[in-house]
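Observations on the three-dimensional arrangement
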Amino acid sequence: MAITEVQTLQLRDLGAATVYEAQGAKGALDSGMKPIDPTVRLVGPAFPVDCRPADNLVLHYAVQKAKPGDVLVVDAKGFMEAGPWGDVLTIQAMKVGIAGLVINGCVRDANTIIELGFPVFCRGLSIKGTAKNQPGKVNVPVSIGDVLIQPGDVIVGDRDGLVVVPAEELVSTIAASLIREEKEALQRKAIAEGAYTADLLGFTRTLQALGLV
């Protein structure tokens, strides 16, 4: 089932942290995966790519196969001494309509990518180039850390990090996220009126048992 424009906007507004908590504190990629531009937000179905370290041939193939709105999710095996993605592939991806890139590895040409406004989440930056000889695989499941990403799973990313929503749980996760957001809005209102978080979250008895109040 394809993600709708309304669902995309909802997830973008809700943010990665809310979605992660709402779906049971699961699906978060590790904290080493960060946006090169912390102002970007990224939402879209995953188009996973299995990439050999220090070789980006399959990325040139992947941008031909991905569909508009897809997020390229590349497992480059966490290799930090090459930048298999740069400005030229970014321009190509934007021409196709690809929504963004998540890569378990590095990129380069970061200033240009940021100026172009293309969302990129990665482990770091490396100016070193890559070979273009090794095969890879596209639209197959990949793992980044302990998170398995299937084709069509939904990626939600912002400056807090990245979370993966299984495609079959998209509707229920959005519903749970909206409920959580409404609950937190009521908590913020209560705090403004003088309430304490310990009371709102039910921690007062625990604090009393520990002799803190």
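The following refers to the structure shown.

What follows deals with the overall build of the protein. Scanning the protein for helices and strands turns up 8 helices and 11 strands. Taken along the three principal axes of its C-alpha coordinates, the protein extends 65 × 35 × 30 Å. Scored against the burial criterion, the 213 residues of the protein give a buried share of 43%. As presented, the protein carries roughly 11,100 Å² of accessible surface, and 55% of it is formed by carbon and sulfur atoms. Put simply, the protein has 20 plus and 24 minus side-chain charges, and the middle of one group is 3 Å from the middle of the other.

This next bit is on unusual backbone geometry. One non-glycine residue, alanine 54, adopts positive backbone phi at about 60 degrees. One non-glycine residue, asparagine 139, adopts positive backbone phi at about 55 degrees. Following the sequence through the fold, asparagine 139 ends up in the loop between strand S7 (137–138) and strand S8 (142–144).

Here we come to helix H1 (residues 5–14). Every buried residue of H1 is listed here: Gln7, Thr8, Leu11 and Leu14. All buried residues of H1 fall inside an arc of 135 degrees around its axis, so they share one side. Counted as exposed and oriented over 90 degrees from the buried face of H1: Glu5, Val6 and Asp13. Of the residues one or two after H1, glycine 15 is the one with positive phi, at around 90 degrees.

We now examine the pairing of strand S2 (residues 42–50). Every other side chain in a regular strand lies on the same face of the sheet, so the side chains alternate between the two faces. The buried count for S2 comes to 8 of 9 residues, which makes it a mostly enclosed element. Judged from the 4 bridges that link them, S2 and strand S10 (residues 154–158) form a sheet pairing that is antiparallel. Bridge pairing in S10 links valine 43 to valine 156. Here 5 bridges tie S2 to strand S3 (residues 71–79), and the two strands are oriented parallel to one another.

The rules behind these values
Residues numbered from 1 in each chain as written. Predicted model: local features only at pLDDT ≥ 70, side-chain atom pairs only at ≥ 80, totals over all residues. Heavy atoms only, no water. Helix = DSSP H or I, 4+ residues; strand = E, 2+ residues; numbered from the N terminus. Buried < 20%, exposed > 50% of the residue type's maximum accessible area, 1.4 Å probe, protein only. Areas by Shrake-Rupley, 256 points an atom, 1.4 Å probe, with all protein chains shown as cover. Lys, Arg positive; Asp, Glu negative; His and termini not counted. Charge placed at Lys NZ, Arg CZ, Asp CG, Glu CD. Arc of directions from axis to C-beta. Pairing = 2+ DSSP bridges.

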